[in-house]
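These are the residues of each chain, in order.
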Amino acid sequence: MQVTILGCGAAPGVPSIAGGWGDCDPAEPRNRRTRASILVTPNGAGQGDAPDDAVPDPILVDTSPDMRDQLLAAGVRQLSAVIYTHAHADHLHGLDDLREVNRALHGPLDIHADTATLNVIAARFPYAVAPLPDEMRWISRPLLVPRLMDGPFTLAGVPVTPFIQDHKVMKTQGLRFGAGFAYSTDVVSLDEAAFEVLQGIHTWVVGCISWKPHPTHAHVDQVLAWAERVQPRRLILTHMGLGLDYAALRRALPADAEPAYDGMVLDIPDTAD
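Criteria and thresholds
Each residue is numbered by its place in its chain's sequence as written, counting from 1. Only residues with pLDDT of at least 70 get local features here, since the model is predicted, and only at 80 or more are side-chain atom pairs given and counted; chain-wide, interface and lining totals rely on the full set of residues. The basis for the side-chain values is all heavy atoms of the structure; hydrogens and waters are excluded. What counts as a helix is a DSSP run of H or I of at least four residues, what counts as a strand is a run of E of at least two, and both are numbered from the N terminus. Only the C-alpha atoms count toward the radius of gyration. The rule for a globule is 2.2 Å times the residue count to the power 0.38. Burial classes: relative accessible area under 20% of the type maximum marks a residue as buried, over 50% as exposed, and values in between as partly exposed (1.4 Å probe, protein chains only). In what follows, residue pairs with any heavy atoms lying within 4.5 Å of each other are defined as contacts. Accessibility throughout is a Shrake-Rupley quantity obtained with a 1.4 Å probe, and a residue counts as covered only by protein chains that appear here. For this count, His and the chain ends are skipped, Lys and Arg are scored as positive, and Asp and Glu as negative. Positions of charges follow a simple convention, taking NZ of Lys, CZ of Arg, CG of Asp or CD of Glu. By this definition, two strands are paired if DSSP reports at least two bridges between them. Inter-axis angles, ranging from 0 to 180 degrees, are taken between N-to-C directions of lines fitted to C-alpha atoms, where helices are fitted over the stretch in contact. The working definition used for a salt bridge is a side-chain nitrogen of Lys or Arg within 4 Å of a carboxyl oxygen of Asp or Glu. What the arc measures is the spread of directions leading from the helix axis to the C-beta atoms. UniProt positions are given in the numbering used here, feature names are shortened, and annotations may be inferred rather than shown by experiment. Side-chain rings of Phe, Tyr and Trp (the six-membered ring for Trp) are treated as a pair once their centres are within 6.5 Å; stacked means planes under 30 degrees apart, edge-to-face means over 60, and tilted covers the remaining angles. Comment: the charge-over-ring label is applied if NZ (Lys) or CZ (Arg) is within 6 Å of the ring centre and within 35 degrees of the ring normal.

Comments concerning the overall build of the chain
Part 1 of the argument: If you tally the helices and strands in the chain, you get 7 helices and 14 strands.
Part 2 of the argument: Over its C-alpha trace the chain gives a radius of gyration of 18 Å, about what one expects of a compact globule, namely 19 Å for 273 residues.
Part 3 of the argument: Seen through its C-alpha atoms, the chain measures out along the principal axes to roughly 55 × 45 × 35 Å.
Part 4 of the argument: The buried share of the chain, reckoned over its 273 residues, is 52%.
Part 5 of the argument: Look at the contacts in the chain between residues 6 or more apart in sequence, and 64% of them connect residues 24 or more apart.
Part 6 of the argument: Counting only carbon and sulfur atoms, one obtains 52% of the accessible surface of the chain, whose full area is about 12,100 Å².
Part 7 of the argument: Side-chain charges in the chain split into 21 positive and 33 negative, and the spacing between the mean points of these groups amounts to 4 Å.

What about the sheet that holds strand E4 (residues 81–83)?
Part 1 of the argument: A sheet is described by the order of its strands in space; here 7 strands give the open sequence E6-E5-E4-E3-E2-E1-E14, paired in mixed fashion. Every interior strand has two partners, whereas the edge strands, strand E6 (144–148) and strand E14 (265–267), have only one. Strand-to-strand twist of the sheet, defined as the mean angle between neighbouring strand axes without regard to direction, takes the value 25°.
Part 2 of the argument: Pairing of strand E5 (residues 109–113) with E6 involves 5 bridges; the strand directions are parallel. Residue Ala-113 lies in a different strand from E6, and its bridge partner there is Leu-148.
Part 3 of the argument: This element, helix H3 (residues 98–105), spans E4, E5 and E6 of the sheet and lies at about 135° to E5.
Part 4 of the argument: Helix H4 (residues 115–124) rests against E5 and E6 of the sheet, and its axis sits at about 130° to E5.

Some remarks on the sheet that holds strand E7 (residues 153–155)
Part 1 of the argument: Read from one edge of the open sheet, 7 strands run E7-E8-E9-E10-E11-E12-E13, paired in mixed fashion. Looking at which strands have only one partner, the edges of the open sheet turn out to be E7 and strand E13 (257–259). Pairs of neighbouring strands in the sheet enclose a mean axial angle of 25°, with direction left out of account.
Part 2 of the argument: Across 4 bridges, strand E10 (residues 181–184) lies against strand E11 (residues 203–207) in parallel orientation. Considered in E11, the bridge of Ala-182 is made with Trp-204.
Part 3 of the argument: Where helix H6 (residues 220–230) meets the sheet, it contacts E11 and strand E12 (234–238), and its direction lies at approximately 155° from that of E11.

Observations concerning the pattern of salt bridges
Part 1 of the argument: Under the definition given, this model contains 9 salt bridges.
Part 2 of the argument: The partner of Glu-100 in a salt bridge is Arg-103, with the nearest N and O atoms 2.8 Å apart. Of this pair, Glu-100 and Arg-103 both sit in helix H3, separated by 3 residues, roughly a single helical turn.
Part 3 of the argument: When its relative accessible area of 26% is taken as the criterion, Arg-103 is described as partly exposed.
Part 4 of the argument: For the salt bridge of Asp-110 with Arg-147, the shortest nitrogen-to-oxygen distance reads 3.3 Å. Pair noted here: Asp-110 is in strand E5 and Arg-147 is in strand E6, with a separation of 37 residues, a long-range link.
Part 5 of the argument: We classify Arg-147 as partly exposed; its relative accessible area is 38%.
Part 6 of the argument: Overlapping salt bridges, with partners in common, bring together Arg-234, Arg-250 and Glu-258 in one network.

Notes on helix H1 (residues 67–74)
Because the α-helix completes a turn every 3.6 residues, residues three or four places apart line up on one side.
Part 1 of the argument: Every buried residue of H1 is accounted for by Met-67, Gln-70 and Leu-71. Down the axis of H1, the smallest arc covering the buried residues is 90°, so these residues share one side. Counted as exposed and oriented over 90 degrees from the buried face of H1: Leu-72 and Ala-73.
Part 2 of the argument: Its buried side turned inward, H1 meets strand E1 (2–7), strand E2 (37–41), strand E3 (59–61) and H3.
Part 3 of the argument: Of the residues trailing H1, Gly-75 is marked for its positive phi of about 70°.

A short note on the UniProt feature "domain: Metallo-beta-lactamase" (unreviewed entry) in the chain
Part 1 of the argument: The UniProt record marks residues 59–240 with the feature "domain: Metallo-beta-lactamase" (unreviewed entry), using the residue numbering of this structure.
Part 2 of the argument: Between the end C-alpha atoms of residues 59–240 the distance is 22 Å, and the span holds 26% helix and 27% strand.

Some points on the packing of aromatic side chains
Part 1 of the argument: Applying the stated criterion across every chain yields a total of 4 aromatic pairs.
Part 2 of the argument: Measuring from ring centre to ring centre gives 6.5 Å for Trp-204 and Trp-226, while their planes differ by 35°; the resulting arrangement is tilted. Note that Trp-204 is positioned in strand E11 and Trp-226 in helix H6, a separation of 22 residues in sequence. Taken individually, Trp-204 and Trp-226 each receive the classification buried, so the pair is uniform in this respect.
Part 3 of the argument: The ring centre of Trp-138 lies 5.1 Å from the NZ or CZ of Arg-103, which sits over that ring.

Here it is in structure tokens:
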């Protein structure tokens, strides 16, 4: 499969309205960060090696406030589904633009999330999860079908294993896709069950907001300590704040770790071997 880093910034993005570029060099294009989201493209999708009706569309993880620009930049019109890690605004509030995906699909779109996140979506965007219209000739709102994510499932032919993460203010969902890839954003601690799910992955994309400890997000040394235990072949840092300059972080990380950047494409093997 392929994974595209649609956005790798924390909630304010880089640059931010209040803080500007912070410690990030504005001359380095990889420091310009939209809010965190990824696109998971199953094998064959967009590669022209199967009939159109046999090729699954990509899976979107989170609808950031920058989702419109992110999908346009990635050249994506249709999705198989959306998975939500949690209900914070920087991961959810691009939801209205899923209406355009519904229009491209000419129909509804499944969204997968835990109970708490589905409840927030129903409260904030009740029109988006209202009963579907009888006909689809005019799609004037998002047409989303909530699906409870409470254990492993398969989506677009890809096995997905969610696992609980501690974000201090709430629980978030980490996600393992197939044998080779895992995504952990908005996490400050992981329990033994999470580490068990993460065993054997090839590539791990992990949220890392700062150099120093943070109350609700992991920092650089913490992520490196986790990676020492999990032993992924490739570690990618995402959800980065204003203090993490791309070049400075790249120099400080070991050879098998690197910062993400918007538009980064990762080729994921089936296993860690």
